[in-house]
Amino acid sequence: MNGYAHPEYLVETDWVAQHLNDPKVRLVESDEDYLLYETGHIPGAAKVDWFTTLQDPIKRDFLNKEAFEGLCSQLGISRDTTVVFYGDKNNWFACYAFWLFEYFGHPNRKIMNGGRFKWEKEGRPLVKDVPSYPSATYRATEPDMTIRVFRDQVMQQIQAGLPLVDVRSPQEYTGELIHMPNYPQEGAQRGGHIPGAVNIPWSKAVNESDSTFKTPEALRELYEPKGVTPDREIIAYCRIGERSSHTWFVLKYLLGYPHVKNYDGSWTEWGNLVNAPIEKTVQQEKGVPA
Amino acid sequence: MSDFDRQAQLEFILDHYQNPRNHGEMADADVHLEGGLPGCSDLVTMYLKFEGDRVAEVSFVGEGCTISQAAASAMTEQIKGMSAEEIADLDFEFVSDLLGEEIVQTRPRCATLSLETLKAAIQEHRKNQIRGKI
């Protein structure tokens, strides 16, 4: 972890293994796969689910402050608990949950480097026992709007010529993927990307062999040549805000960029917005809706 | 749903995920089709062999989340012997009944991926039949 701007927000699997019984540490698994936790998880880990736990059940939004307080209380998390997030898919939703805990002002948050993949690869134990913790009383702070943007701010970002990072795959960025044969429409009416956005897929920030984050030097080489530099205000987006949480974490905590925001509306909002500008770099077939 | 029912449903899904039925490619299939959800990288390819208008054999291969793969496995056990028309009529309720409504609601698109792929494969088979007749 040497050389990262804020290494205190990242822990290795060894550290987690040494803190499994630490009452001040709560492990939280946050996966894309809804039932992966049930197949086995790190001993003592609690589960959150991005869709059923972390989002409002009615409107498209995160859970509100009161519901967040209820969630933390239920998981036995108090303000001084160190919450360590890990999950599948290179920690996409672990970063998403980390982001939400920051949004509501939880002070001590960490990501387990390499996520579930590395833990399993190292042959470390997984158990099916679901732990229960004594309820805590949790008081969150008001949402931190310095790390979140809505569509109007994205429009202002375009007009100001400030950087937007589209962290989706190149095929999603160009607009090709959304109308591949037999593939669903992925919740958006249109394919392409937000005008001016540069495409730096989230996956470029991790080592394929063990899902850990790349070195600071490699990360700087990834972002800086494309104009994503620490002196600028950056907005990251993807499809629903999970992959961009990953990039947000990389930029803010591993590289130390002071002004990085996540557009959680992402493509499933922008690609459906009437009259929103879109850039598309694949040829659209005549008569085929994108 | 009681805790007991939910646990039984969970075990049913996890069993299909960890011990998939009718899993593997089918070299002599009448039709096969791949479907996928690029956002969460769930992929399923369905293989079908017909006797007349009815499904004689079905198999699948795929990769992805617990629910998408368990749904494919569980579905293959249900559709053997069904006619193309009967399969075309299957809907969300069929998947909910199979896997449990509560769990299906958490990831509806993963849960219905194999059914949608299956229905697309049936359409493809019908088109192939029409082309063959012309």
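Relevant structure appears above.
The model shown is predicted, which means the values in this text are computed figures rather than measured ones.

Engineer: For this particular structure, what's the right way to read the pattern of salt bridges?
Structural biologist: All names here are of chain A. One pass over the full model with this rule turns up 27 salt bridges over all chains. One salt bridge in this structure joins Lys-65 and Glu-142, with 3.8 Å as the shortest N-O distance. Of this pair, Lys-65 sits in helix 3 (residues 65-74) while Glu-142 sits in the loop between helix 5 (115-121) and helix 6 (151-160), placing them 77 residues apart in sequence. Taking relative accessible area as the criterion, Glu-142 reaches 56% and is therefore assigned exposed. Across the salt bridge formed by Glu-242 and Arg-243, the nearest N and O atoms sit 3.7 Å from each other. The class of Arg-243 is buried, set by a relative accessible area of 4%.

Engineer: Please clarify how the packing of aromatic side chains should be interpreted in this entry.
Structural biologist: How two aromatic rings sit relative to each other is set out by the distance from centre to centre and by the angle between their planes. Residues and elements named next belong to chain A. The tally for this structure, following the rule as stated, stands at 24 aromatic pairs over all chains. Seen from their ring centres, Tyr-9 and Phe-98 are 6.1 Å apart, and the 75° between their planes marks the pair as edge-to-face. Of this pair, Tyr-9 sits in the segment before strand 1 (10-11) while Phe-98 sits in helix 4 (residues 92-103); the two residues are 89 residues apart in sequence, bridging distant segments of the chain. Across this residue pair, the class does not change: Tyr-9 and Phe-98 are buried. One Lys or Arg, Arg-109, reaches over the ring of Phe-98 and ends 4.9 Å from the middle of that ring. Here the guanidinium or amino end of Arg-124 rests over the ring plane of Trp-119, the centre of that ring lying 5.4 Å away.

Engineer: Could you clarify how one ought to interpret helix 8 (residues 216-223) of chain A in this entry?
Structural biologist: Residues lying three or four places apart along an α-helix face the same way, a consequence of the helix completing one turn every 3.6 residues. All names here are of chain A. Listing the buried residues of helix 8 in full gives Pro-216, Leu-219, Leu-222 and Tyr-223. Take helix 8 and look down its axis: the buried residues cluster within an arc of 120°, on one side only. Lining the buried residues of helix 8 we find helix 9 (242-254).

Engineer: What exactly am I supposed to notice about helix 9 of chain A here?
Structural biologist: Residues and elements named next belong to chain A. For helix 9, with 13 residues, the first-to-last C-alpha span of 17 Å sits near the 18 Å given by 1.5 Å per residue. Burial runs high along helix 9: 13 of the 13 residues are buried. Just downstream of helix 9 lies Gly-256, where phi reads positive at about 80°.

Engineer: Mind showing me how you'd approach the sheet that holds strand 8 (residues 234-237) of chain A here?
Structural biologist: Working definition: the strands of a sheet are paired by backbone hydrogen bonds and lie parallel or antiparallel to each other. Residues and elements named next belong to chain A. Taken in spatial order, the four strands of this open sheet run 7-6-8-9, and their pairing is parallel. Both outer strands of the open sheet, strand 7 (198-199) and strand 9 (260-262), are each paired with one neighbouring strand and no more. Of the strand pairs in this sheet, strand 6 (residues 164-166) and strand 7 are connected by two bridges, and their pairing is parallel. Paired with Val-165 across the bridge in strand 7 is Val-198. Against the sheet, helix 6 contacts strand 6 and strand 8, and its axis sits at roughly 125° relative to strand 8. Of the strands in this sheet, strand 8 and strand 9 touch helix 9, which is tilted by about 170° from strand 9.

Engineer: So what exactly am I meant to see when it comes to empty space enclosed by the protein here?
Structural biologist: Summary: where empty space remains is shown by rolling a probe the size of a single water molecule over the atoms. All names here are of chain A. This structure, assessed with the given rule, holds four cavities of 30 Å³ or more. Taken as a whole, the second largest cavity holds about 50 Å³ of empty space. In terms of lining residues, the second largest cavity is bounded by Gln-55, Arg-60, Asp-61, Phe-62, Tyr-96, Ile-240 and Asp-264. Taken together, the residues that form the lining of the second largest cavity break down as three nonpolar, one polar and three charged.

Definitions and cut-offs
- Residues numbered from 1 in each chain as written.
- Chains lettered and ligands numbered in written order.
- Predicted model: local features only at pLDDT ≥ 70, side-chain atom pairs only at ≥ 80, totals over all residues.
- Heavy atoms only, no water.
- Salt bridge = Lys/Arg side-chain N within 4 Å of Asp/Glu carboxyl O.
- Helix = DSSP H or I, 4+ residues; strand = E, 2+ residues; numbered from the N terminus.
- Buried < 20%, exposed > 50% of the residue type's maximum accessible area, 1.4 Å probe, protein only.
- Phe/Tyr/Trp six-rings, centres within 6.5 Å; stacked < 30°, edge-to-face > 60°.
- Lys NZ or Arg CZ within 6 Å of the ring centre and 35° of its normal.
- Arc of directions from axis to C-beta.
- Contact = heavy atoms within 4.5 Å.
- Expected span 1.5 Å × (residues − 1).
- Pairing = 2+ DSSP bridges.
- Axes fitted to C-alpha atoms, helices over the stretch in contact; angles between N-to-C directions.
- 1 Å grid on protein atoms, 1.4 Å probe; cavity = no way out; pocket = protein on both sides within 12 Å on 5 of 7 lines; lining within 4 Å.
- Points joined across faces, edges and corners; volume = space filled by probe spheres on them.
- Nonpolar A, V, L, I, M, F, W, Y, C, P; charged D, E, K, R; others polar.

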